[in-house]
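Remarks on the overall topology
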Amino acid sequence: MAEPSQGQLDTVMQERRVFPPSEEFAQRARIGSPAAYEELYARAKTDPASFWAELARAELHWFEPFRTALEWKEPFARWFVGGTTNVSYNCLDIHLEGPRRNKAALIWEGEPGDQRTLTYQQLHREVCLFANVLKNLGVKRGDVVSIYMPMVPELAIAMLACARIGAIHSVIFAGFSSEAIADRNNDAQAKVQLTADGGWRRGKILPLKETVDAALEKSPSVQKCVVLRRVGDVQEVSMREGRDYWWDELTAQAEAECPAEPLDSETPLFILYTSGSTGKPKGIMHTSAGYNLFAKKTFEWVFDRREEDVFWCTADCGWITGHSYIVYGPRSAGATAPMHEGAPNWPAEDRFWELVEKHRVNVLYTAPTAIRAFIKWGDHHVEKHDLSSLRLLGTVGEGINPEAWMWYHHKIGGGRCPIVDTWWQTETGGIMMSPLPGAIPTKPGSCTKPLPGVLPRIVDEEGREVDPNHGGWLVMAHPWPGMLRGIWGDEERFREVYWSKVPGHYLAGDNARRDSDGYYWIMGRIDDVINVSGHRLSTIEVESALVSHPNVAEAAAVGRPDELKGQAISVFVTLRNAEPNDALRDALRAHARQEIGALAVPDDIRFAAVLPKTRSGKIMRRLLRDIAAGKEAVGQDTTTLEDFSVLAALRSDEES
Ligand code: WTA
C-alpha cells in the first residue's frame, strides 16, 4: 500500500498558520464558537443514533414516522426504520406553503449564454411532469434510470423525478465513453436512458446522443431512451422508432399532478459509479431518508446556511458533489443554488468571477484543481470583478496545497472569508470532516475536525489507534446516515473493500494523521486509486483499458505529481507485434479515451521491454511512481525502449 510521500509529510509538519473566523462572521454563524461546536459534537458522540433521530424528526417530512433510529448489523445499516418519506417531497413540496414558494431554487447558466431561473414552485411542476413521463414509459419503483446529460436544469429535474416515484437514478458523467456507459448500464440493469442531442463545452458540441447510441447497442436492458433538445439543429441525431422519444413531446403529453410516493426510509435513491482499487468501477448505493438528512444537515452546517444566500457549487452532477451539494442538500434546505454548464475558461478565463459578480454569489464551493488553474491564468481575471458578495469559500475533491489555499483566501476571499476544506467521498454521501466556518479556526491544508455525529479514528494495520502526528488509516467507528448501503449487486466486494481490514470500522481508503490540536490532515490514498483533477480513477481501470488494445502486452499505470491536475496518469507498456513509435502512442491515447473517456487519457506513455517486477511477480509500482515523477534517473528519451531490469534488481528487496 502506498505510503504518504515525504512532500506530504513535510507540508503537515511545517504548516503552522491558523486563521480564526472574523468576529463578524462568527457572530452571525449558525455555530459560532469552538465551545458551541464541542458541545454539539460531544452530545452527538454520546449517542449518535439518538442524535440523528432527533434531527430526522425535525428536518424531514414523514408520511409515517420511523420506529427505530438505527439497526446496525455490520456491515448493513438501516436508518430510521419503519418510516416512510420521499426525498423529492423534502426537496420541493415542503417549500411550497411558505414564503419560499416563489424563491429561486435553481439559477442556470448555460454555455452559449442561455439562462433560466426556476422557483421552487416551477421546479416542483417540472419534476411532477417528468415523473409522469417516466411513469408513462413504464418506469416503476426500484427500476434504474440511467442519466447521461449535460449540466442543464433537466438533469436535476430528472433526478428529482426519479426520487418522486421511487426509481433509482444512475447519473453517468457526460465525459465518459460509450463503453463506460454500457458497463454501468449493464451492471445496474438500467431500464431507461435519459440523454440530450448534445451538450456545450468550450464552444464545441459533445455528441451525447451519438455516444448513447453506441452504448445502447451494448446495453440490452435499456428499453427506452428520452432525448432532450439542447443543441437543436446544430447536431444531427438519429432517433430509433419505438425506443427513442423527444423529451419535450413526452412532457407536453404528461399530467402536471404527481403526488410524491411514500417510500420506506431505506428505498434506494441512487447508484453512482466510482473507481476502486480493483476491477470495474463499483456502483455505490445510497438510500433515501438517511442520505437526505445527511446532505441537508451537512449543507446547513458547513456552508452556514442563510436564507438569502446564493450558494454556488461548481461541480458536475455526474459526481457525488453535484448530487449532494447542487441537487439534494441545497434543495432540502430551501436554498438558491446556481448550476453552470461548460468550462471555467469559456468564453474567457474569468467565467467564474463573472458569474459570482452577476449573481452576487455568497458561498462558493469548488475544487483545488480549478483554483490552481485560476492561479496560472493570472490575477487580472479576478481583479476585473466585484467579488464582495462572497462570505464563505469551500474546496473538495483532493487536498489543497497551502499556497493555493492562501491565494484563494486573499485573492478570492479578500482575506475575510473562511475556507472550508471538506473531506468526504462518494461512499460517505456528504461531508464528513470540515471546519464549521464560524467555530473552527482553519489551518491551510487541513480539513480540521469531524462534523457532529461523525466518529473518525486513525489506526495502524492492526487496528490500534495511533498517537498524534502519526500517519495511519482513516476509519469510521460508527455508521452515519449518509453512509453507502452497499455496492450494487456485489455484497462480497462491499464487505471486502470497506469492512474487512479493521473490524467494526468503515475503512475510508485514505491515509491521514491528526495533529496535537486534534486537526485531521489527509495524506492521500492507501490503494491504487489516483486523483486526477479531483476525479477518482483506478490504475487498474486504465491498465485494463490499455491491455484491451491488440498491441499492448502488459501495462502499468501510476499517478505522478502534476501542478494543475494534482496527479497525472503515467503509463508503462510492453508491446506485442508492434514497435514503439509516436503514432502508436497516439493510438493508445485514443484507445483509452474510447474505453473510458477523456479523463482517463494518459499524460505520458512509456514503452518498456519488460515491466519491473518483484521476485513474487508483482509490478513494482513504487519504482514506477518514482520514475514517473522524475526521481529516478532513467533514459529521458521516452521513444526508446527502456529496460528497468537493473533498477528493478536494486529495488527488489525494498518493494517485495
Ligand atoms: C479525496 C469526492 C483531501 C480522498 C467528494 C477521498 C480529499 C477521495 C478531500 C474521494 C479533501 C476528497 N482533502 N483529499 N478535502 N476530498 N478527497 O469519491 O482521497 O470522488 O477518498 O468524492 O478524494 O473522492 P470522491
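Notes on the structure follow. (Residues numbered from 1 in each chain as written. Predicted model: local features only at pLDDT ≥ 70, side-chain atom pairs only at ≥ 80, totals over all residues. Heavy atoms only, no water.)

Concerning the site of the ligand
Around the ligand, 17 residues are found, and the nearest of them are Asp421, Thr422, Thr426, Asp510 and Arg536. The separation between an oxygen atom of the ligand and a polar side-chain atom of Arg525 is 2.9 Å. Between the ligand and Arg536 there is a distance of 2.7 Å, counted from an oxygen atom to a side-chain nitrogen or oxygen. Protein contact buries 93% of the 530 Å² of open area that the ligand shows by itself. Those elements giving two or more residues to the shell around the ligand turn out to be helix 12 (320–332), strand 20 (419–422) and strand 25 (520–525). Of the residues contributing to the shell around the ligand, the split by class is five nonpolar, seven polar and five charged. (Near = heavy atom within 4 Å. Polar contact = N/O pair within 3.5 Å; in protein donor to acceptor, adjacent residues only side chain to side chain. Areas by Shrake-Rupley, 256 points an atom, 1.4 Å probe, with all protein chains shown as cover. Helix = DSSP H or I, 4+ residues; strand = E, 2+ residues; numbered from the N terminus. Nonpolar A, V, L, I, M, F, W, Y, C, P; charged D, E, K, R; others polar.)

Things to note about the nonpolar core
Formed by 167 residues in total, the largest nonpolar core has its most connected members in Phe130, Leu194, Phe303 and Tyr328. In terms of residues, this core owes the most to one element, helix 7 (residues 153–165), which gives ten residues. Among the nonpolar cores identified, the runner-up in size contains 26 residues, and Val361, Leu390, Met406 and Tyr408 belong to it. (Core = buried A, V, L, I, M, F, W, Y, C linked by side-chain atoms within 4.5 Å. Buried < 20%, exposed > 50% of the residue type's maximum accessible area, 1.4 Å probe, protein only.)

Let's talk about the packing of helix 4 (residues 48–59) against helix 11 (residues 289–302)
For the pair helix 4 and helix 11, the least separation of the axes is 11 Å and the interaxial angle reads 90 degrees. In terms of axis orientation, helix 4 runs roughly perpendicular to helix 11. Two secondary-structure elements touch here, helix 4 through Phe51, Trp52, Leu55, Ala56 and Glu59 and helix 11 through Leu293, Phe294, Lys296, Lys297, Glu300 and Trp301. Residues that form the contact of helix 4 with helix 11 fall into these classes: seven nonpolar, no polar and four charged. (Axes fitted to C-alpha atoms, helices over the stretch in contact; angles between N-to-C directions. Parallel < 35°, antiparallel > 145°, perpendicular 65-115°, else oblique. Contact = heavy atoms within 4.5 Å.)

Remarks on the sheet that holds strand 23 (residues 486–487)
Spatial strand order, 12-11-8-6-7-14-15-23: eight strands in an open sheet with mixed pairing. This sheet does not close on itself; its edge strands, each paired only once, are strand 12 (244–246) and strand 23. Where strand 11 (residues 224–228) and strand 12 come together, three bridges link them in parallel fashion. The residue of strand 12 that forms the bridge with Val227 is Trp246. Against the sheet, helix 9 (residues 208–217) touches strand 6 (144–148), strand 8 (192–196), strand 11 and strand 12, its axis set at about 155 degrees to strand 8. (Pairing = 2+ DSSP bridges.)

A short note on the packing of aromatic side chains
Going through the model one piece at a time under the given rule, you end up with 38 aromatic pairs. Look at Phe270 and Tyr291: their rings are 5.0 Å apart centre to centre, the planes differ by 85 degrees, and that puts the pair in the edge-to-face class. Here Tyr291 lies in helix 11 and Phe270 lies in strand 14 (residues 268–274), a separation of 21 residues in the sequence. Of the two residues, Phe270 and Tyr291, neither departs from the other in class, the shared state being buried. When the ring of Phe299 is compared with that of Phe311, the centres are 4.8 Å apart and the planes differ by 85 degrees; the resulting orientation is edge-to-face. (Phe/Tyr/Trp six-rings, centres within 6.5 Å; stacked < 30°, edge-to-face > 60°.)

Description of the pairing of strand 26 (residues 529–532)
Every regular strand shows the same layout, with side chains that alternate between the two sheet faces. Across the two faces of strand 26 the burial is the same, with Val529 and Asn531 and Ile530 and Val532 all buried. Pairing of strand 26 with strand 27 (residues 535–538) involves four bridges; the strand directions are antiparallel. Residue pairing in the sheet places Val529 in a bridge with Ser538 of strand 27. In this structure, the hairpin formed by strand 26 and strand 27 is closed by a connection of two residues, where Ser533 is found at a positive phi of approximately 50 degrees.

Quick notes on the sheet that holds strand 5 (residues 115–119)
In spatial order, the strands read 5-4-17; together these three strands make up an open sheet with mixed pairing. The sheet terminates laterally at strand 5 and strand 17 (337–340), the two strands that pair on one side only. Direction aside, neighbouring strands of the sheet carry axes that sit 15 degrees apart on average. By the bridge criterion, four bridges tie strand 4 (residues 104–109) to strand 17 in an arrangement that is parallel. Across the sheet, the residue bridging to Trp108 is Met339, located in strand 17. Here helix 6 (residues 120–136) sits on the sheet and contacts strand 4 and strand 5; the angle it forms with strand 5, its principal contact strand, is near 95 degrees.

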